[in-house]
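One letter stands for each residue in the lines below.
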Amino acid sequence: MGRRSNSYFQFKQFRIAQERCAMKVSTDAVVLGSIAVAKSIPGKILDIGTGTGVLALMMAQKYPVASIDAVEIDKEAFEQARQNVSFNKLGINIKVHQQAFQEFEPGNIEQYDLIITNPPYYSRQLQSSKQKINLARHEQGLNFTDLWTGIDRLLKTEGMLWLILPPKEMEAFKSLGTEKGFYANTQTLLQDRETSKVHRVIASFARKKPKQSQKTGLVIKDANNAYTPEYIDLLRDYMLHF
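Just so we're clear, the structure is a prediction, and the values are computed from it rather than from any experiment.

## What to know about the overall build of the protein chain
1) Next: In terms of regular secondary structure, the protein chain is built from 7 helices and 10 strands.
2) Next: Taking all 242 residues of the protein chain together, the buried fraction comes to 50%.
3) Next: The contacts of the protein chain with a sequence gap of at least 6 include a subset with a gap of at least 24, amounting to 70%.
4) Next: Split by element, the accessible area of the protein chain, about 11900 Å² in all, is 48% carbon and sulfur.

Next comes the structure, spelled out in structure tokens:
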């Protein structure tokens, strides 16, 4: 990935400070932000659980005229995201909110054209002793049912949802979404190498059921431990060395 240290991560058009956040900039977030697209140029975008603010800033680079709301429950992460937004010129149309997503009200914005999230998912694994990491990684702060309830309320009829999850968790999320009238339109299966198991699924959801959900694969590195051409092409607009 791009030039980074423990305290910051440098992209082509913006820099993310991350020393105050439990969850640092990750491959998950960067791949999700690179893949996610709206059906048409969006006017309003929502980033749920923004953390460092990386997804909000990636969306601002991709859609510079869109108004973006970024919601974060953790105080330290909220302040870090607000700092990142204010220090980067791409953050001019981003507003960061400190509150639980379940309580979020968008004010004069009725609904969003695009919602993006890298949600918590370690619901059945041993939790960390650190509360911030628990909130970032586990469903105790925001479970899938609450997430779908908020998405159903805030996404426009023709809007798109994008998120990334491990395969088992994605299946559970898809099942709950179907109950709400949402369907997976596309799925990208992410692997470290061709011989590796799929460890993440990036999916888009909409209220309109597709004739057939599109499923593709993305391999990060080849047999020589070099980034694959497909991975480089996907991240080229964001990563310094691509």
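Here the narrative resumes.
## What about the side chain of Q61?
1) Next: Within the secondary structure, Q61 sits in helix α2 (residues 54-62).
2) Next: In contact with Q61, not counting residues within four places along its chain, are Q13, F14, L90, D237 and Y238.

## So, the nonpolar core
1) Next: Counting residues in hydrophobic clusters, the biggest one holds 45 residues, and the most contacted among them are F11, F14, I94 and W162.
2) Next: With 7 residues, α2 is the single largest residue contributor to this core.
3) Next: One finds L46, V71, I115 and W148 within the second-largest nonpolar core, a separate group that totals 26 residues.

## With respect to helix α6 (residues 167-180)
Residues spaced three or four apart along an α-helix face the same direction, because each turn holds 3.6 residues.
1) Next: Taking 1.5 Å per residue, 14 residues should reach 20 Å; α6 reaches 20 Å between its end C-alpha atoms and fits that length.
2) Next: All of the buried residues along α6 are E169, M170, F173, K174 and G177. Relative to the axis of α6, the buried residues are bounded by an arc of 140 degrees and lie together on one face. Opposite its buried face, α6 presents the exposed residues K168 and E179, each directed more than 90 degrees away.
3) Next: Contacts made by the buried residues of α6 are with α5 (144-154), β7 (155-165), β8 (183-191) and β9 (200-206).
4) Next: Directly after α6, the chain includes G181, whose backbone phi takes a positive value near 90 degrees.

## Concerning the packing of aromatic side chains
1) Next: If you walk through the whole model with that rule in mind, you get 10 aromatic pairs.
2) Next: Ring geometry for W148 and F173: centres 4.5 Å apart, planes at 20 degrees, overall stacked. Of the two residues, W148 is situated in helix α5 and F173 in helix α6; the sequence distance between them amounts to 25 residues.
3) Next: Centroid distance Y227 to Y231: 5.3 Å. Interplanar angle 20 degrees. Geometry classified as stacked.
4) Next: Of the aromatic side chains, those joined through ring pairs into one cluster are F144, W148, F173, F182 and F205.
5) Next: Just above the ring of Y8 sits the side chain of R15; from NZ or CZ to the centre is 3.6 Å.
6) Next: Between K221 and the ring centre of Y227, over which it is positioned, the NZ or CZ distance is 5.2 Å.

## Notes on the packing of helix α1 (residues 27-35) against α2
1) Next: Contact pair α1 / α2: the axes reach a minimum separation of 9 Å and the direction vectors enclose 25 degrees. Of the possible angle classes, the one that applies to α1 and α2 is roughly parallel. Judged by the sense of rotation from one axis to the other, the crossing of α1 with α2 is right-handed. For the pair α1 and α2, the contacting residues are A29, V30, L32, G33, S34 and I35 in the first and V54, L55, M58, M59 and K62 in the second.
2) Next: Partitioning the contact of α1 with α2 into residue classes produces 8 nonpolar, 2 polar and 1 charged.

What counts, and at which threshold
Residues numbered from 1 in each chain as written. Predicted model: local features only at pLDDT ≥ 70, side-chain atom pairs only at ≥ 80, totals over all residues. Heavy atoms only, no water. Helix = DSSP H or I, 4+ residues; strand = E, 2+ residues; numbered from the N terminus. Buried < 20%, exposed > 50% of the residue type's maximum accessible area, 1.4 Å probe, protein only. Contact = heavy atoms within 4.5 Å. Areas by Shrake-Rupley, 256 points an atom, 1.4 Å probe, with all protein chains shown as cover. Core = buried A, V, L, I, M, F, W, Y, C linked by side-chain atoms within 4.5 Å. Expected span 1.5 Å × (residues − 1). Arc of directions from axis to C-beta. Phe/Tyr/Trp six-rings, centres within 6.5 Å; stacked < 30°, edge-to-face > 60°. Lys NZ or Arg CZ within 6 Å of the ring centre and 35° of its normal. Axes fitted to C-alpha atoms, helices over the stretch in contact; angles between N-to-C directions. Parallel < 35°, antiparallel > 145°, perpendicular 65-115°, else oblique. Left-handed = near helix turned anticlockwise from the far one by under 90°. Nonpolar A, V, L, I, M, F, W, Y, C, P; charged D, E, K, R; others polar.

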